[in-house]
Amino acid sequence: MVRVGTLPMRLLALEFGADLVYSPEIVDKRIIASERRVNKTTGIIEYIDEKNSINFRTHPSEKCRLIFQIGTSDPELALQAALKVKEDVSGIDVNCGCPKKFSIQGGMGAALLTNPDKLKAILTNLVENCGLPVTCKIRMLETTEETIKLCKMIEATGIKALAIHCRTKNERPSNKGHWEIFKPIVENVKSIPVIANGDIFDRPDMQRVKELSAVSSIMIARGAQSNVSIFCNEGLLPKREIAIMYIKKAINVHNNYANTKYTLMQMYADAVKDNEYHALVRAKSYEDLCEIYNLSELSPISERLMHI
């Protein structure tokens, strides 16, 4: 969700009923080196680097339910990053689940699963010194016993919740998730909520996972990426309706066009034969998006955003 979980998607998720939203994973050094600015036009808070690139954007309306997700391999840098954004978020999450090459090579993400001493030091430093609730997301290890041992070590650091992705570091979305890992973790980690993640695409999936394991909560990524109305109790809305709502939100918060188009393309990943998908492929601006979705009332605004 690195490129999808940006501001407009998070705001929509909250409107549809999500209890919490997470920022994309942001590397500690990157946020530390950013300058915090408030956009006077939108009220949006932006963390901008020396090249004037925006590393993180948030709106005060989401603060009370926003968790900032750090990519880190260093206890002191993790703390500096947390303190940098402390006034704009309500919690800090350490990502120990990302299996991507850039994370692993930097000792971050899933690399921390095999470096428990480093992970313990990072979490302990954050818990003791950042002044915000700290959480952690991991992947399961090769055996249930190893996974439980790691979870109990993490629990002992004093974090407030633990999320488990039900695949190992080397497994990918094409591999079926192992929902059976959740129950033994819940049975052994008793002082904090356990959050289930992986292969949860609709509300029946949520119900089945809870019945199988008694987890406290559900974390959804790809399911929300495909249709963010998954958080709505009344059921999924049509894809076109969601796309229109997303475009309106993106324009309203002055979201970068390239990011908006990318997110829309992910929404249609299971509908590549649709005419709208092919029109999206050809789109080059917000003005094009407004034409595809008959949003003529937004065209004058979209023209001003062509260079965002």
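Scroll up to find the structure this text is about.
Everything quoted here is computed from the prediction, not taken from an experiment.

The rules behind the values
For every chain, the first residue of the written sequence is number 1, and numbering continues from 1 along that sequence. Side-chain atom pairs in this predicted model are given and counted only at pLDDT of 80 or more, local residue features only at pLDDT of at least 70, and totals for whole chains, interfaces and linings cover all residues. Only hydrogens and water are set aside when side-chain values are computed; all heavy atoms of the structure are taken into account. Counting from the N terminus, the helices are the DSSP runs of H or I reaching at least four residues and the strands are the DSSP runs of E reaching at least two. Exposure categories follow from relative accessible area, calculated using a 1.4 Å probe and restricted to protein chains: below 20% of the type maximum is buried, above 50% is exposed, and the middle band is partly exposed. Here a residue-residue contact requires only that any non-hydrogen atoms of the pair lie within 4.5 Å. Any two of the Phe, Tyr and Trp rings considered here, Trp counted by its six-membered ring, make a pair once their centres fall within 6.5 Å; the pair's planes then place it as stacked at under 30 degrees, edge-to-face at over 60, or tilted in between. Ring-over charges, as used throughout, are those where CZ of Arg or NZ of Lys falls within 6 Å of the ring centre and within 35 degrees of the ring normal.

Honestly, unusual backbone geometry in this entry has me stumped. Any pointers?
The phi angle of most residues is negative, glycine excepted, and most peptide bonds adopt the trans form. In the Ramachandran plot, asparagine 52 falls in the positive-phi region, its phi being about 70 degrees despite a non-glycine side chain. Relative to the helices and strands, asparagine 52 resides in the loop between β4 (45–48) and β5 (54–58). Here the phi dihedral of asparagine 294 falls at roughly 55 degrees; this positive angle occurs in a residue that is not glycine. The exposure class assigned to asparagine 294 is exposed, which follows from its relative accessible area of 59%.

Looking at this model, I keep getting lost on helix α1 (residues 7–15). Mind explaining?
For the α-helix, the turn length of 3.6 residues means that residues three or four positions removed from each other point alike. Counting buried positions along α1 gives eight out of nine residues, so the element sits mostly inside the fold. Inspection of α1 places Leu7, Pro8, Met9, Arg10, Leu11, Leu12, Ala13 and Leu14 among the buried residues, and these make up the whole buried set. Looking at the buried positions of α1, the neighbouring elements they touch are β1 (21–22), β5, β6 (66–71), α9 (222–226), α10 (239–252) and α11 (257–267). Glycine 17 lies just past α1 and shows a positive phi near 120 degrees.

Help me understand the environment of glycine 107 in this model?
Relative to the helices and strands, glycine 107 resides in the loop between α4 (101–105) and α5 (116–129). On the basis of relative accessibility, which here comes to 25%, the residue glycine 107 falls in the partly exposed class. Here the alpha-carbon distance between glycine 107 and threonine 72, two residues 35 residues apart in the chain, equals 7.6 Å. Leave out the neighbours within four places in its chain, and glycine 107 touches Thr72, Ser73 and Leu112.

Even after reading the chapter, I still don't get the packing of aromatic side chains, so can you show me in this structure?
Both the distance between ring centres and the angle between the ring planes are used here to describe each pair of aromatic rings. Summed over the entire model, instances satisfying the criterion amount to three aromatic pairs. Centroid distance tyrosine 47 to phenylalanine 56: 5.7 Å. Interplanar angle 35 degrees. Geometry classified as tilted. Of the two residues, tyrosine 47 and phenylalanine 56, both sit in the buried class. Between tyrosine 257 and tyrosine 286 the ring centres are 5.4 Å apart and the planes differ by 70 degrees, which places this aromatic pair in the edge-to-face class. Taken as a pair, tyrosine 257 in helix α11 and tyrosine 286 in helix α13 (residues 286–292) lie far apart in primary sequence, 29 residues in all. Site record: aromatic cluster; members linked through ring pairs are Tyr47, Phe56 and Phe68. Stacked on the ring of tyrosine 268, the Lys or Arg lysine 239 has its end atom at 5.8 Å from the ring centre.

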